[in-house]
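In case you want the letters, here they are:
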Amino acid sequence: MELGIGFAVGIFAGAVVSVIVALIIAVSRRAIKTSAKTRIVEMKAIADAAAQSAASDAAPEPPAPGTGQKPEGTRRQPGRNTIVVGAIEQRDQQLNKSIQEVRDLLLQLATVISATESASGEAADSFSTARRAIRNLGDVAASSELAEAQRVLVEEIDRVIRSNAKLHTELDRANQGIAEQRRQIEELRVQARIDGLTRIPNRSAFDERLAEYISLLARANLTFSLLLLDVDFFKRVNDVYGHVNGDRVLRGVAARISDAVRQNDFAARYGGEEFAVIFPATDVKDAYQVADRLRQDIAKTNFRLDDQVVKMTISGGLAQCRPGMTAEHIVQEADAALYQAKDVGRNRILIAGANKPERADEGAK
């Protein structure tokens, strides 16, 4: 009978190892937030209680009173008074090995739990039930009690596994939803900073980028230049050719600006027929070279409006940002140079603060 129970405990211990591994995986994903030292001490106490109970069960039974019979599974070695352990020794070794495996696994489980952050209440309650079943492992005295402990343990662990599987399914769906929402938000964020007509950055994007360069100048003394552009006589285009053709002109100008600026430059539609270009780490003289090439390119471009070809020109004002300047200040300087360029004949780029305006090519209007 004892031998049968010993083998049953060994088989059960193997089952415990398997199901607790599954429990470790489930609990480690949504584990209990608690003190690592408290959990480990508690798990050691559980394992020690199981070991003590196993040692108590492993003690050989005394002979029945008055019978003179020797306990089953023992024999007396001829010529000696020492009892040699046979089947009971095998049972004892099996029990000790099984308890040690459970103890080691419990300590591993305690380590996993101590390293985790949080868990659902259902997982915590289920673990407590399973833990009590493990703690009572050493107290089972009959195969029916052993089977009941195994049933409780397996049912509770299975319930946790099913619950976690459901939670993971819901979590995967939620993560997919969040990822889609993030993608949509990012698209909306990008679209919110792109001008719908010209498909280049809009005023909001320009204001953000300008603030970044102002901050960079303050931190690293990295200067930059700002160009403000205006399409000359644009109102006349709308009045003569209509707003649809006016939109075509704006799209064409935006395309020429995007092609003309350097890779690190930032071009945007400032508003209406006005555009802005930021030249990072560029002084006003170098920025003027890029800006004037752009002016010449647009002056040479043929804009087809319905069945007619129309020539367009632009005027611009350049300003270089200096330490201590605000975004409003540099915009005001570039805007003042722009209006001066319009006042002296259009189709030219002027530098803010220059003694003499930088003249455009011959034929400027």
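Scroll up to find the structure this text is about.
On a predicted model such as this, the values are computed, not experimentally measured, just so you know.

How each quantity is defined
Residues numbered from 1 in each chain as written. Predicted model: local features only at pLDDT ≥ 70, side-chain atom pairs only at ≥ 80, totals over all residues. Heavy atoms only, no water. Helix = DSSP H or I, 4+ residues; strand = E, 2+ residues; numbered from the N terminus. Contact = heavy atoms within 4.5 Å. Pairing = 2+ DSSP bridges. Axes fitted to C-alpha atoms, helices over the stretch in contact; angles between N-to-C directions. Parallel < 35°, antiparallel > 145°, perpendicular 65-115°, else oblique. Left-handed = near helix turned anticlockwise from the far one by under 90°. Nonpolar A, V, L, I, M, F, W, Y, C, P; charged D, E, K, R; others polar. Buried < 20%, exposed > 50% of the residue type's maximum accessible area, 1.4 Å probe, protein only. Arc of directions from axis to C-beta.

Attention now goes to the overall build of the protein. Looking only at helices and strands, the protein features ten helices and nine strands. Long-range pairs, those at least 24 residues apart, make up 70% of the contacts in the protein with a sequence separation of at least 6.

So, on to the sheet that holds strand S8 (residues 314-320). Strand order across the open sheet formed by five strands is S4-S5-S3-S8-S9, with mixed pairing between neighbours. Only two strands of the sheet have a single partner each, and these edge strands are strand S4 (266-271) and strand S9 (349-351). Direction aside, neighbouring strands of the sheet carry axes that sit 20° apart on average. Sheet topology places strand S3 (residues 224-231) next to S8; seven bridges connect them, and they run antiparallel. Counted as the bridge partner of Val231 is Ile314 from S8. Those strands touched by helix H9 (residues 284-300) are S3, strand S5 (274-280), S8 and S9, and its axis lies near 170° from that of S8.

With that settled, consider the packing of helix H8 (residues 243-260) against H9. Axis separation between H8 and H9 bottoms out at 10 Å; the angle between their running directions is 140°. The angle between H8 and H9 falls in the class oblique. Seen from above, H8 lies across H9 with right-handed handedness. From H8, Val253, Arg256, Ile257 and Ala260 reach across to H9, where they touch Val290, Leu294, Asp297 and Ile298. Grouping the amino acids of the contact of H8 with H9 by side-chain chemistry returns six nonpolar, no polar and two charged.

Before going further, it helps to spend a moment on unusual backbone geometry. The backbone of Asn221 shows a phi angle near 55°, a positive value even though the residue is not glycine. Here Asn221 is to be found in the loop between helix H6 (203-220) and S3. Overall, the relative accessible area of 56% leaves Asn221 in the exposed class. Of note, the phi angle at Asn347 is positive, near 50°, even though the residue is not glycine.

The next subject is helix H7 (residues 234-241). Turning to H7, its buried residues number three or more, namely Phe234, Val237 and Asn238. All buried residues of H7 lie within an arc of 95° about the axis, which places them on one face of the element. Those residues of H7 that are exposed and angled more than 90 degrees off the buried face are Lys235, Arg236, Asp239 and Val240. Looking at the buried residues of H7, the elements they touch are S3, H8 and strand S6 (302-305). Phi turns positive one or two residues past the end of H7, at Gly242, with a value near 95°.

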